[in-house]
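Structural characterization, general
Now for the letters of each chain:
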Amino acid sequence: MRRDALQAMRRDALQAEPSGAPGGAAMDLISRARRVSLLVLDVDGVLTDGGLWYDADGTIRKRFHVHDGLGIKLAQQAGVEVAMISGLDQGAAAARARELGISEYHGGHVRKLPVLTDILARKGLTFEQTAFLGDDWVDAPVLARVGLPMAVADAQPEILDMALWVSRRPGGQGAVREAIRFLLSAQGRLAGLWQAWER
């Protein structure tokens, strides 16, 4: 199947929050989402738009989206742990992880699969219980192993081909919140979280 047709199918049928009676492909995706206990995020190009802002002294600044931040807190509240693994190791990403209560922040790891393997061993989890949201080639080895490979809308073409779920939003623009909404909806937890905020 051509990539454009495959992506159209994923966007139209798979990325929507589960409702009604989904078909076979969507049902498999939902089944995978229901097993997720750990969501692992790339940083640059996923939690950010991929841009690096350099000050005159060489300090790198990054922009994060508040929707993603609240989404991460909701995932944690629902019992889905969130981890961050980045090829770069910048203070801004570490600070954001601390702010969000993410203890599993691992910066400076271009080879991400060994890091994830260690996390899973320590927590007694499996690859099948893991979702990973990525955007670039460095994410490919992890995407090939996890139960639910996910990509942001502006990911590299090869990464889009590997993903079973693709966001509508690009990285740094609420794609993480979108992914978390999908996971929590598949697990039947999203509505209850919203009701707590409605009151």
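Scroll up a little and you will see the structure.
These lines cover the structure that appears in this document, whether it is placed above or below.

Each value, and the rule that gives it
- Residues numbered from 1 in each chain as written.
- Predicted model: local features only at pLDDT ≥ 70, side-chain atom pairs only at ≥ 80, totals over all residues.
- Heavy atoms only, no water.
- Helix = DSSP H or I, 4+ residues; strand = E, 2+ residues; numbered from the N terminus.
- Buried < 20%, exposed > 50% of the residue type's maximum accessible area, 1.4 Å probe, protein only.
- Contact = heavy atoms within 4.5 Å.
- Pairing = 2+ DSSP bridges.
- 1 Å grid on protein atoms, 1.4 Å probe; cavity = no way out; pocket = protein on both sides within 12 Å on 5 of 7 lines; lining within 4 Å.
- Points joined across faces, edges and corners; volume = space filled by probe spheres on them.
- Nonpolar A, V, L, I, M, F, W, Y, C, P; charged D, E, K, R; others polar.
- Axes fitted to C-alpha atoms, helices over the stretch in contact; angles between N-to-C directions.
- Parallel < 35°, antiparallel > 145°, perpendicular 65-115°, else oblique.

1. Digging into the overall build of the protein chain
For the protein chain, the count of helices and strands is nine helices and eight strands. The buried share of the protein chain, reckoned over its 199 residues, is 49%. Look at the contacts in the protein chain between residues 6 or more apart in sequence, and 56% of them connect residues 24 or more apart.

2. As for the sheet that holds strand β5 (residues 105–106)
With respect to topology, six strands assemble into an open sheet ordered β5-β4-β1-β6-β7-β8, the strand pairing being parallel. Whereas interior strands pair on both sides, the edge strands pair on one side only; in this sheet they are β5 and β8 (165–166). Pairing of strand β4 (residues 81–85) with β5 involves two bridges; the strand directions are parallel. Following the sheet pairing, I85 is matched in β5 by H106.

3. Notes on the layout of surface pockets
The volume enclosed by the largest pocket comes to roughly 190 Å³. Every residue along the wall of the largest pocket is listed here: L70, G71, L74, R177, I180, R181, L184, L190, L193, W194 and W197. Contributing elements (two or more residues each) for the lining of the largest pocket: α3 (66–77), α8 (175–186) and α9 (190–198). Tallied by class, the residues present in the lining of the largest pocket amount to eight nonpolar, one polar and two charged.

4. Overview of the packing of helix α2 (residues 24–34) against α8
Between α2 and α8, whose axes approach to 8 Å, the crossing angle comes to 90°. It follows that α2 is roughly perpendicular to α8 by the angle criterion. Residue-level inspection shows L29, I30, A33 and R34 of α2 in contact with α8, the latter providing F182, L183 and A186.

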